[in-house]
Amino acid sequence: MKKILLILSMLAPVAASAQSGTSGNADKGKQLFMKQNCYYCHGTTGQGGRDGARIAQTALNLQGVIRYVRKPTGGMPAFTEKILSDQDLTDIYAYLKSLPAAKPAKDIPLLDQIK
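Keep in mind that what you see is a predicted model, and the values were worked out from it rather than measured.

**Details of the confidence of the model for the protein**
So, point 1. Per-chain confidence: the protein averages 82 in pLDDT, with 80% of residues scoring 70 or above.
So, point 2. Below pLDDT 50 for its whole length, residues 1-21 participates in six contacts with residues either more than four positions away or in separate chains.

**As for the packing of helix α2 (residues 26-35) against helix α5 (residues 86-98)**
So, point 1. Axis separation between α2 and α5 bottoms out at 7 Å; the angle between their running directions is 100°. What the angle tells us is that α2 and α5 run roughly perpendicular. For the pair α2 and α5, contact is made by Ala26, Lys28, Gly29, Lys30, Leu32, Phe33 and Met34 and by Asp88, Asp91, Ile92, Ala94, Tyr95, Leu96 and Ser98, respectively.
So, point 2. For the contact of α2 with α5, the residue count by class is eight nonpolar, two polar and four charged.

**Thoughts on the packing of aromatic side chains**
So, point 1. Taken as a whole and assessed by the stated rule, the structure comprises two aromatic pairs.
So, point 2. Both rings, one in Tyr39 and one in Tyr40, keep their centres 4.9 Å apart while their planes meet at 80°; by these two values the pair is edge-to-face.

**What about the packing of helix α4 (residues 62-70) against α5?**
So, point 1. The geometry of α4 relative to α5 is characterised by a closest axis approach of 10 Å and an angle of 120° between their N-to-C directions. Overall, the two elements α4 and α5 adopt an arrangement that is oblique. In this structure, α4 crosses over α5, and the sense of that crossing is right-handed. Of α5, the residues touching α4 (which contributes Leu62, Val65, Ile66, Val69 and Arg70) are Asp86, Leu89, Thr90 and Tyr93.

**Observations regarding the nonpolar core**
So, point 1. Among the nonpolar cores identified, the biggest contains 17 residues, and Phe33, Leu89, Ile92 and Leu96 are the most heavily contacted of them.
So, point 2. Counting residues per element, the ones that place at least two in this core are α2, α4 and α5.
So, point 3. By residue number, the principal contributor to this core is α5, which donates five residues.

**Some thoughts on the pattern of salt bridges**
So, point 1. For the structure on display, the rule yields five salt bridges.
So, point 2. Asp88 is the partner of Lys28 in a salt bridge, and the nearest nitrogen-oxygen pair spans 4.0 Å. Pair noted here: Lys28 is in helix α2 and Asp88 is in helix α5, with a separation of 60 residues, a long-range link.
So, point 3. Here Lys28 falls in the partly exposed class, since its relative accessible area comes to 37%.
So, point 4. Residue Asp88 is classed as buried on the basis of its relative accessible area of 15%.
So, point 5. Salt-bridge contacts for Lys106 lead to Asp107; the nearest nitrogen and oxygen are separated by 3.2 Å.
So, point 6. Judged by relative accessible area, which is 40%, Asp107 ranks as partly exposed.
So, point 7. Here the residues in one salt-bridge network are Lys28, Asp88 and Asp91, joined through shared partners.

**Remarks on the environment of Arg50**
So, point 1. Relative to the helices and strands, Arg50 is located in the loop between α3 (39-42) and α4.
So, point 2. Remark: the alpha-carbon pair of Arg50 and Tyr40, spanning ten residues in sequence, is separated by 9.8 Å.
So, point 3. Side-chain polar atoms of Arg50 contact the side chain of Asp51, separated by 2.9 Å.

Conventions and cut-offs
- Residues numbered from 1 in each chain as written.
- Predicted model: local features only at pLDDT ≥ 70, side-chain atom pairs only at ≥ 80, totals over all residues.
- Heavy atoms only, no water.
- pLDDT = per-residue confidence, 0-100.
- Contact = heavy atoms within 4.5 Å.
- Axes fitted to C-alpha atoms, helices over the stretch in contact; angles between N-to-C directions.
- Helix = DSSP H or I, 4+ residues; strand = E, 2+ residues; numbered from the N terminus.
- Parallel < 35°, antiparallel > 145°, perpendicular 65-115°, else oblique.
- Nonpolar A, V, L, I, M, F, W, Y, C, P; charged D, E, K, R; others polar.
- Phe/Tyr/Trp six-rings, centres within 6.5 Å; stacked < 30°, edge-to-face > 60°.
- Left-handed = near helix turned anticlockwise from the far one by under 90°.
- Core = buried A, V, L, I, M, F, W, Y, C linked by side-chain atoms within 4.5 Å.
- Buried < 20%, exposed > 50% of the residue type's maximum accessible area, 1.4 Å probe, protein only.
- Salt bridge = Lys/Arg side-chain N within 4 Å of Asp/Glu carboxyl O.
- Polar contact = N/O pair within 3.5 Å; in protein donor to acceptor, adjacent residues only side chain to side chain.

In structure tokens form, the structure reads like this:
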């Protein structure tokens, strides 16, 4: 029983690392984001646009992003593993998570003046 607990305690950090997406390379992810034209709809910094959602600092975890990219809803085309591997999507996810979150509207002076 002690051996099983020891093995499980050794594997837990590996599983947590894989789920958190820490193995992605943000620089490579940015290159892929641009190369695959994600920026056409989502903007160069994931800020969103007319045709694409804001995806910088997405609330989805890595598996959620991969699942959505493979089988999206709405107007987004699907990206199969032949186009973007899971590692490519892990790198793109790291890039998206490296971007700053959007400012709240109350912190943008010009928007505050519109009221």
